[in-house]
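Inside the fold
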Amino acid sequence: MSKHTIAIIGGGIIGSFVAYFLARSGRAGDIAVIEADPSYQRASTPNGAGGVRQLFSRPENIQMSNFSIRFYREFAQTIAVDGEAADIDFNQRGYLFLVGAQGAKQLETNFSRQVQEGINVQLLDRTELAQHYPSLGLGDIVLGCLSPTDGTITTRLALKHLRHKVERLGVSYITARVTALETALKTSGKRVQRAILDDGNVVEADLFVNAAGAWASQISEMVDMYLPVQPMCRVKHFWTCEEEIEPLPLVKDESGLFFRPQDGGFIGGRPSFEIKPGFSFLPEHTETHQYFHGYFDRTVRPLLTTRLPAFQCAQNSQSWTGHYAQNTLDGNMILGPWLNELPNFYVACGFSGHGIMHAPAVGLALTELILDGHYSTMDLERMSYRRIIENKPYSEEGII
């Protein structure tokens, strides 16, 4: 049995950023991260699109993204080990949201909120959009919002370098799967005491953090904690196009379609809402494989061609799956302890596709909450488990 001050279940980008800020504080004691798959072949982080944006409606999400973008901008130097830069291909090509007449009022409202938070954003009407991006199809579009300092990272590189840095800071990564959590009644109340691993070992800790992403509900069920979080399969594509297209930001519209330039081609897709919640890995998951056979041509291409006519010639060369940890209550993260039940059991989950863009901010915020008992840098109290208990959704408004 190994004994630690803090044990983090899940070594993806959320769990690793929590470990990083805890270790960097010098006040967290001995930290362990329990990760079942050190190759991260099926983890959500490496399969993410890598977008980092500030185009949100809720101030907490705007603030987290603002912090994270500044962190990713300095990532290569901040996370460097032995003077070797931790390059993550951070590219501030910008984000562009496009809406029709029905979505214009909400986009304007969100724009005002972003301006209040000090974000560099621009509203563009159809004429201005056509001047800036002549390749776009704008027949159904009346308004766009451009955030020029938003960007993208290469997620696999970010996780690789971050884990290396965290280990250098003295955090131990344990390769195993948690199969059970044991609780005990202490003088201070009921607490999680140890994690039982699939290799027969036991990890004991004073405090546990559930950062297991799409698997978070499975972990919380071990202590009878309800989390409205489900794995949702999302498929992304890489395609090329022979026609010349001007430099574009990441473009997203109300249909859920998104695309951005990448390595001489484009990465993007459209959420496959028809797929039921659950884990669906291509190609071995038969139902998913059959469903997505021809999905690009059947569903994605028509949307792409409407939004950018030159994509009629798009040649899809690769498709892959990843999983959102979807918060079915409101699509926003759940952060903090299990209130009134297990005060030493924290969750950081339910990011619903926004985990990569919020991970640095979450790592800092949760570190403040654990070590100081309150938030200092940004107030994330609205993201606590309390709204789950009270069934009070706190959803994003507009394009999500």
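Conventions and cut-offs
Residues numbered from 1 in each chain as written. Predicted model: local features only at pLDDT ≥ 70, side-chain atom pairs only at ≥ 80, totals over all residues. Heavy atoms only, no water. Axes fitted to C-alpha atoms, helices over the stretch in contact; angles between N-to-C directions. Helix = DSSP H or I, 4+ residues; strand = E, 2+ residues; numbered from the N terminus. Parallel < 35°, antiparallel > 145°, perpendicular 65-115°, else oblique. Contact = heavy atoms within 4.5 Å. Nonpolar A, V, L, I, M, F, W, Y, C, P; charged D, E, K, R; others polar. Core = buried A, V, L, I, M, F, W, Y, C linked by side-chain atoms within 4.5 Å. Buried < 20%, exposed > 50% of the residue type's maximum accessible area, 1.4 Å probe, protein only. Disulfide = S-S within 2.5 Å. Phe/Tyr/Trp six-rings, centres within 6.5 Å; stacked < 30°, edge-to-face > 60°. Pairing = 2+ DSSP bridges. Right-handed = clockwise from strand over helix to strand, strands pointing away. Salt bridge = Lys/Arg side-chain N within 4 Å of Asp/Glu carboxyl O.

1. A short note on the packing of helix α2 (residues 59–73) against helix α10 (residues 355–372)
It is the contact of α2 with α10, at a shortest axis distance of 7 Å, that shows an interaxial angle of 95°. By the angle between their axes, α2 is roughly perpendicular relative to α10. On α10, the residues that touch N61, M64, S65, F67, S68, F71 and Y72 of α2 are I356, M357, H358, A359, P360, A361, V362 and L364. The class makeup of the residues in the contact of α2 with α10 is 11 nonpolar, 4 polar and no charged.

2. Here's the deal with the nonpolar core
Counting residues in each nonpolar core, the largest one holds 72 residues, and the members touching the most others are I8, F17, Y72 and F75. By residue number, the principal contributor to this core is α10, which donates 10 residues. With sequence-adjacent residues up to four places away left out, F17 is seen in contact with F71, Y72, F75, L162, A359, P360 and G363. Counting residues in each nonpolar core, the second largest holds 30 residues, with A7, A176, V192 and M225 among its members.

3. With respect to the state of the cysteines
Linking two cysteines covalently through their sulfur atoms gives a disulfide. What the rule picks out here adds up to 0 disulfides. Here C233 is not cross-linked by a disulfide; its sulfur's nearest cysteine counterpart is in C349, at 20 Å.

4. With respect to the packing of aromatic side chains
Scanning all chains against the criterion turns up 17 aromatic pairs. Between F259 and F311, the aromatic rings sit 5.3 Å apart at their centres with planes inclined by 85°, giving edge-to-face as the arrangement. Taken together, the residues F259 in strand β14 (residues 258–262) and F311 in the loop between α9 (295–307) and β16 (315–327) connect sequence positions 52 residues apart. For the residue pair F259 and F311, the accessibility class agrees, reading buried in each case.

5. Focus on the environment of G213
With respect to the helices and strands, the residue G213 is situated in the loop between β11 (202–210) and α7 (216–221). On a C-alpha basis, the gap between G213 and I9 in space is 9.5 Å, while along the polypeptide they are 204 residues apart. Excluding anything up to four places from it in sequence, G213 contacts V229 and A325.

6. Here we look at the sheet that holds strand β15 (residues 265–269)
Either a parallel or an antiparallel arrangement is found when strands of a sheet pair, and the pairing is made through backbone hydrogen bonds. Spatial strand order, β5-β6-β4-β13-β14-β15-β12-β16: 8 strands in an open sheet with mixed pairing. Of all the strands in the sheet, the pair left with one neighbour each is β5 (122–125) and β16. Within the sheet, the average angular offset between the axes of one strand and its neighbour, ignoring direction, is 20°. Sheet topology note: the strand β13 (residues 250–253)/β14 ladder contains 2 bridges and is antiparallel. Looking at the pairing, K252 lines up with F258 of β14. Sitting on the sheet, helix α4 (residues 104–116) touches β4 (95–99), β5 and β6 (143–147), and the angle it makes with β6 is about 25°.

7. A word on the pairing of strand β1 (residues 2–9)
Inspection of the sheet shows β1 paired to β11 by 7 bridges, in the parallel sense. Note that in β11 the partner of I9 across the bridge is N210. The sheet contact formed by β1 and strand β2 (residues 31–35) spans 4 bridges and is parallel. In the strand pairing of β2, I8 is matched with V33. Each parallel crossover has a hand, and for β1 linked through helix α1 (residues 13–25) to β2 it is right-handed.

8. Observations regarding unusual backbone geometry
If you check the backbone angles, Y40 has positive phi at about 55° while not being a glycine. Inspection of the secondary structure puts Y40 in the loop between β2 and β3 (51–52). What makes Y40 buried here is its relative accessible area of 6%. In this structure, D224 is a non-glycine residue whose phi angle is positive, near 60°. Mapped onto the elements, D224 comes out in the loop between α7 and β12 (229–240).

9. Notes on the pattern of salt bridges
Within the structure shown, the criterion is met by 12 salt bridges. Among the ionic pairs, R307 bridges to D140, the shortest N-O distance being 3.0 Å. One end of the pair, R307, is in helix α9; the other, D140, is in the loop between α5 (126–132) and β6, with 167 residues separating them in the sequence. Residue K392 is joined to E390 by a salt bridge in which the shortest nitrogen-to-oxygen separation is 3.8 Å. Beyond isolated ion pairs, a larger network of salt bridges with shared partners links D140, D253 and R307.

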